[in-house]
Amino acid sequence: MVALELLTAAAGARERSGDREDAAALHDFRVAVRRLRSWLRALRPWLQGSVPPRRRRQLRQVARGTNEARDAQVHLAWLARQRDLGRGKRADGVRWLVDQLEQERAHSDASSVARAAALFDRLHEPLGRSLGSYTLACRVDDPHCLPAMATAMAPLVRDHARTLRQRLVAVTTVDDDVPVHAARIAAKRLRYLLEPVAAELDGASELIDALRTLQTLLGEIHDAHLFATWLARGVEEAAAGDAPPPVRAVADAGSTGSGRTQQARPVDTGPGLRAVARRVRRDAAERSAELAAHWLDGNAEPFLADVEAVARRLESGGEMPVEIERKFLLDALPEVARGVPSQRLEQGYLPGTELVERVRRVTSADGRIRYWRTVKFGTGITRLELEEETTRAVFRALWPLTKRRRIDKRRHVVPDGTRKWEIDDFADRDLVLAEIELASEEDVVGIPDWLAPHVVREVTGEDAYVNANLASQGRPVPAPPAGSGGGRRTPRLHSR
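Residues numbered from 1 in each chain as written. Predicted model: local features only at pLDDT ≥ 70, side-chain atom pairs only at ≥ 80, totals over all residues. Heavy atoms only, no water.

## What about the overall build of the protein?
Right, on to step 1. Tallying secondary structure elements over the protein gives 14 helices and 13 strands in all.
Right, on to step 2. By residue count, 44% of the 496 residues in the protein fall in the buried class.
Right, on to step 3. Long-range contacts, defined here as pairs at least 24 residues apart, represent 66% of the contacts in the protein between residues at least 6 apart.
Right, on to step 4. Carbon and sulfur atoms provide 50% of the accessible area of the protein, an area that totals close to 26800 Å². (Helix = DSSP H or I, 4+ residues; strand = E, 2+ residues; numbered from the N terminus. Buried < 20%, exposed > 50% of the residue type's maximum accessible area, 1.4 Å probe, protein only. Contact = heavy atoms within 4.5 Å. Areas by Shrake-Rupley, 256 points an atom, 1.4 Å probe, with all protein chains shown as cover.)

Structure representation (structure tokens):
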């Protein structure tokens, strides 16, 4: 349905592109086609072959057919804003430059854009038919055969955000146009992915605004690179005299009165072209500084954290994510847990009362280190939980705030059917706990045979065994006598 809506929008922009007086028509047509291509590309696994490879190639040709006209149009728009450059000695060079760009745009409109528009006209109807229906093969025992749209979108949002992070990291210098352009494409694809669902998700509109700003920054830097290259040729040709000198009609100095004759003579385009080149470099430097200040060297992490929060809302159908878990006190580390690879978890808790905020460094069995930041709220079996992966720099900045509120433990993850038991063996105290996450509070937990001999009792919701409280105690916690549950309702527990 979204793809069909985007196709309709592209067709509407195509109709307007035939109007010479509609200055925005070509831009709108080009953007509409790119939105459609981006959506089809992202949702390809779920379109079940509705868009054959030939149609995809044709759509790509349509998009590429507007590039030349787009570049000339962008450069002309930029020159129109630089009114001061068209004065004095610089006027001849700027006028000549505008003429060249106008000719290039007119040529593109008459050739590549016309071919692209004609190809879209042939593509529109069959593509609409293809997207109008689809065939899906389902197994009767597969409840997830037809996933909800949110289920499909959440990992896509994460994938696109991950790509954007990688592309931004690759921008080590804005003088290299390749990674700049790649980052712009990544930002554009993430934005196009979010736009159709923005109205249904809290925070998505703000992400789109930020992506639009980033895309503009990267686009202006990219356009400056293209324009600078184009200008360099013009300046070199003007300086070397390789090209015929531009001419314009000027008044004959020997004529008098209103009957002065007009004659053509060469004019100097050099001052104007050089002035434009300097202005392009200046603008590019300003945009590059803005990009670095807000998006490079880790500055994009707060934005990417917001993207992760939106992905979590998608997964939960728009609801805030919650953690439902049961916790058990053990008398020792089970032998089965000793036989699986373990992770070292070093975690510290930031000061706070209502919100429990935690940073964690996870060292896996192979030595790989990852960092996480988590906020929890509530008590008992069900709690609100927001978690995101963060950077080493963020972890190092927050870790000092957790002084005297830290724990160090080894986590052994033991599969149990479709669930997993997490066995935590604390390194800084004599304590072993077992946790299991559930889909709902009513889920029945079966204690597996390898674990049952070591279970002292369930401690879900008991303050003494909440990790944040264990961190503040900083000393071993004695096991309370069995049965001291404090009157709390005990969820259903079955042994097997």
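## Observations regarding the packing of aromatic side chains
Right, on to step 1. Counted by the stated rule, this structure contains 5 aromatic pairs.
Right, on to step 2. A centroid spacing of 5.5 Å and a plane angle of 80° characterise the contact between F29 and F120, whose relative ring orientation is edge-to-face. You can see F29 sitting in helix α2 (residues 25-42) and its partner F120 sitting in helix α6 (residues 112-131), a full 91 residues away along the chain.
Right, on to step 3. Between F395 and W399 the ring centres are 5.0 Å apart and the planes differ by 25°, which places this aromatic pair in the stacked class.
Right, on to step 4. Given a relative accessible area of 2%, F395 falls into the buried group. (Phe/Tyr/Trp six-rings, centres within 6.5 Å; stacked < 30°, edge-to-face > 60°.)

## Re helix α8 (residues 177-194)
Right, on to step 1. The terminal C-alpha atoms of α8 lie 26 Å apart, and with 18 residues this matches the ideal 26 Å at 1.5 Å per residue to within 8%.
Right, on to step 2. α8 sits mainly inside the fold: 14 of its 18 residues count as buried. (Expected span 1.5 Å × (residues − 1).)

## Regarding the confidence of the model for the protein
Right, on to step 1. Per-residue confidence for the protein gives a mean pLDDT of 80, with 80% of residues at or over 70.
Right, on to step 2. By mean pLDDT, the top-scoring element of the protein is strand β12 (residues 455-458) (95), and the lowest-scoring one is strand β1 (residues 247-251) (40).
Right, on to step 3. Scored below 50 in pLDDT, residues 242-263 shows 30 contacts in the model against residues more than four places distant or in partner chains.
Right, on to step 4. Contacts for the low-pLDDT stretch residues 475-496, under 50 throughout, to residues beyond four places or in other chains number 46 contacts. (pLDDT = per-residue confidence, 0-100.)

## As for the pattern of salt bridges
Think of it this way: side chains of opposite charge can pair up when their charged atoms draw near.
Right, on to step 1. For the coordinates displayed, the defined rule picks out 30 salt bridges.
Right, on to step 2. Between R373 and E357 there is a salt bridge, with its nearest N and O atoms 2.8 Å apart. Taken together, the residues R373 in strand β6 (residues 369-377) and E357 in strand β5 (residues 356-363) connect sequence positions 16 residues apart.
Right, on to step 3. Residues participating in the shared-partner salt-bridge network are K327, K409, R411, E422, D424 and E435. (Salt bridge = Lys/Arg side-chain N within 4 Å of Asp/Glu carboxyl O.)

## Side note on the packing of helix α7 (residues 149-170) against α8
Right, on to step 1. α8 packs onto α7 with a crossing angle of 160° between their chain directions and a minimal axis gap of 8 Å. What the angle tells us is that α7 and α8 run roughly antiparallel. Where α7 crosses over α8, the handedness of that crossing is left-handed. Contacts between α7 and α8 pair M153, L156, V157, H160, A161, T163, L164, R167, L168 and A170 from the former with P179, A182, A183, A186, A187, R189, L190, L193 and L194 from the latter.
Right, on to step 2. Among the residues making up the contact of α7 with α8, the classes are represented as 15 nonpolar, 2 polar and 2 charged. (Axes fitted to C-alpha atoms, helices over the stretch in contact; angles between N-to-C directions. Parallel < 35°, antiparallel > 145°, perpendicular 65-115°, else oblique. Left-handed = near helix turned anticlockwise from the far one by under 90°. Nonpolar A, V, L, I, M, F, W, Y, C, P; charged D, E, K, R; others polar.)

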